[in-house]
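Here is what each chain is made of, one letter per residue.
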Amino acid sequence: MVRRVGILGGTFDPVHIGHLRGALEVAELFALDEVRLVPSARPPHRERPQVSADDRLAMVRCAVEGVPPLTVDDRELHRERPSYTIDTLESLRSELAADDQLFLVLGWDAFCGLPSWHRWEELLLHCHLLVLQRPDADVEAPDALRNLLAARSVSDPQALCGPGGQIAFVWQTPLEISATQLRERLAQGRSIRFLVPDAVLAYIQAHGLYPASP
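- As recorded in an unreviewed UniProt entry, the protein goes by Probable nicotinate-nucleotide adenylyltransferase and comes from Pseudomonas flexibilis.
- The heading Sequence similarities (unreviewed entry) in the UniProt record of the protein holds the text "Belongs to the NadD family."

What follows is the structure, encoded as structure tokens:
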């Protein structure tokens, strides 16, 4: 049987319902066997996370517990160098059968930033790209991606075939939420209940993460 595995990376600082809802919608739409949430240790394009890798990993584990097919993959946290997605894909692909399908899930902003990623031209050698878009998104892709989209994108996400090599756009439920906003609310002493799973909120409170500014 061909396995279908999704990958959603991020700092998850903290993980929130936007991450989880996007992952779950992709899993349902593509009948994925699992979607792995992959916390990054040292993301090369972002500031260092506010809380430790151990705490971010623990929050993601709390978030996905009892929510199949969402799982956690901690391989990037064991690297001492920056977290490059191409390294993660190569590692995952080596563990899968040749015919298994691998789907890298990206938000629109991350997709538009692909030309700045390490060895970004090689991503499609290992996976399909699933780009999450909100119905109100109207931003054009950068010029550096125009030829790639012309050659590799499919109009029907269900038409993706083979282990990798294609790009599909997937409409997602619009949830205006970001980890940055959550950290700002916590710094102001405001509640983030119902924006993160209860188990994640309990972990944040129990471990004194993201304390309010004096």
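After presenting the structure, the write-up continues.
## Comments concerning the side chain of arginine 75
Next, step 1: Within the secondary structure layout, arginine 75 lies in the loop between β3 (70–72) and α3 (85–95).
Next, step 2: Within the local environment of arginine 75, its side chain forms a polar contact with the side chain of serine 91, the two groups lying 2.5 Å apart.
Next, step 3: If near-sequence neighbours (up to four positions away) are discounted, arginine 75 is found in contact with Arg36, Thr88, Ser91, Leu92 and Glu95.

## Focus on the packing of aromatic side chains
Next, step 1: On inspection of all chains with the given rule, the structure shows four aromatic pairs.
Next, step 2: Arranged with centres 5.8 Å apart and planes meeting at 35 degrees, the rings of tryptophan 108 and phenylalanine 111 form a pair that is tilted. Here phenylalanine 111 and tryptophan 108 lie together in helix α4 (residues 108–112), a separation of three residues that amounts to about one turn.
Next, step 3: On the accessibility criterion, phenylalanine 111 (0% relative accessible area) is buried.

## Remarks on the pattern of salt bridges
Next, step 1: One pass over the structure, following the stated rule, counts 12 salt bridges.
Next, step 2: Aspartate 143 serves as the salt-bridge partner of arginine 146, at 3.6 Å between the closest nitrogen and oxygen.
Next, step 3: Taking the relative accessible area as the measure of exposure, aspartate 143 reaches 64% and is therefore exposed.

## Focus on the sheet that holds strand β1 (residues 4–10)
Next, step 1: The parallel open sheet is built from six strands, whose spatial order is β3-β2-β1-β4-β5-β6. Looking at strand neighbours, the two that pair on one side only are β3 and β6 (167–171), the edges of this open sheet. Each strand axis lies, on average, 30 degrees off the axis of its neighbour in the sheet, ignoring direction.
Next, step 2: In this fold helix α2 (residues 53–64) packs onto β2 (34–39) and β3, with an angle of close to 160 degrees to the strand it touches most, β3.

## Brief notes about the environment of arginine 183
Next, step 1: Considering the arrangement of structural elements, one finds arginine 183 in helix α6 (residues 179–187).
Next, step 2: The partly exposed category is assigned to arginine 183, whose relative accessible area is 21%.
Next, step 3: Considered as a pair, arginine 183 and proline 39 are 144 residues apart in the sequence and their alpha carbons are 17 Å apart.
Next, step 4: Excluding residues that lie within four positions of it along the chain, arginine 183 makes contacts with Asp13, Pro14, Gln50 and Tyr210.

## Section: the packing of α2 against helix α7 (residues 198–206)
Two measures define how a pair of helices packs: the angle their axes make with one another and the distance between the axes.
Next, step 1: Interhelical geometry of α2 versus α7 gives an angle of 150 degrees and a closest axis separation of 7 Å. Considering the angle they form, α2 stands roughly antiparallel to α7. Helix-helix and strand crossings are classified by hand; for α2 and α7 the assignment is right-handed. Along its contact with α2, which presents Asp54, Asp55, Ala58, Met59, Cys62 and Ala63, the element α7 presents Ala199, Val200, Tyr203 and Ile204.
Next, step 2: Here the contact of α2 with α7 is composed, by residue class, of eight nonpolar, no polar and two charged.

## Looking at unusual backbone geometry
Next, step 1: The step from aspartate 13 to proline 14 runs through a cis peptide bond, and the omega angle for that step is 5 degrees.
Next, step 2: The phi dihedral of phenylalanine 12 falls on the positive side, at around 50 degrees, and the residue is not glycine.
Next, step 3: The class of phenylalanine 12 is buried, set by a relative accessible area of 1%.

## Examining the environment of leucine 195
Next, step 1: Within the secondary structure, leucine 195 is located in the loop between α6 and α7.
Next, step 2: Relative accessible area serves as the criterion here: at 27%, leucine 195 is assigned to the partly exposed category.
Next, step 3: Remark: the alpha-carbon pair of leucine 195 and threonine 173, spanning 22 residues in sequence, is separated by 14 Å.
Next, step 4: Filtering out sequence-adjacent residues up to four positions away, leucine 195 remains in contact with His16, Ile17, Ile177, Leu182 and Arg185.

How each quantity is defined
- Residues numbered from 1 in each chain as written.
- Predicted model: local features only at pLDDT ≥ 70, side-chain atom pairs only at ≥ 80, totals over all residues.
- Heavy atoms only, no water.
- UniProt positions renumbered as here; feature names shortened; annotations may be inferred.
- Helix = DSSP H or I, 4+ residues; strand = E, 2+ residues; numbered from the N terminus.
- Polar contact = N/O pair within 3.5 Å; in protein donor to acceptor, adjacent residues only side chain to side chain.
- Contact = heavy atoms within 4.5 Å.
- Phe/Tyr/Trp six-rings, centres within 6.5 Å; stacked < 30°, edge-to-face > 60°.
- Buried < 20%, exposed > 50% of the residue type's maximum accessible area, 1.4 Å probe, protein only.
- Salt bridge = Lys/Arg side-chain N within 4 Å of Asp/Glu carboxyl O.
- Pairing = 2+ DSSP bridges.
- Axes fitted to C-alpha atoms, helices over the stretch in contact; angles between N-to-C directions.
- Parallel < 35°, antiparallel > 145°, perpendicular 65-115°, else oblique.
- Left-handed = near helix turned anticlockwise from the far one by under 90°.
- Nonpolar A, V, L, I, M, F, W, Y, C, P; charged D, E, K, R; others polar.

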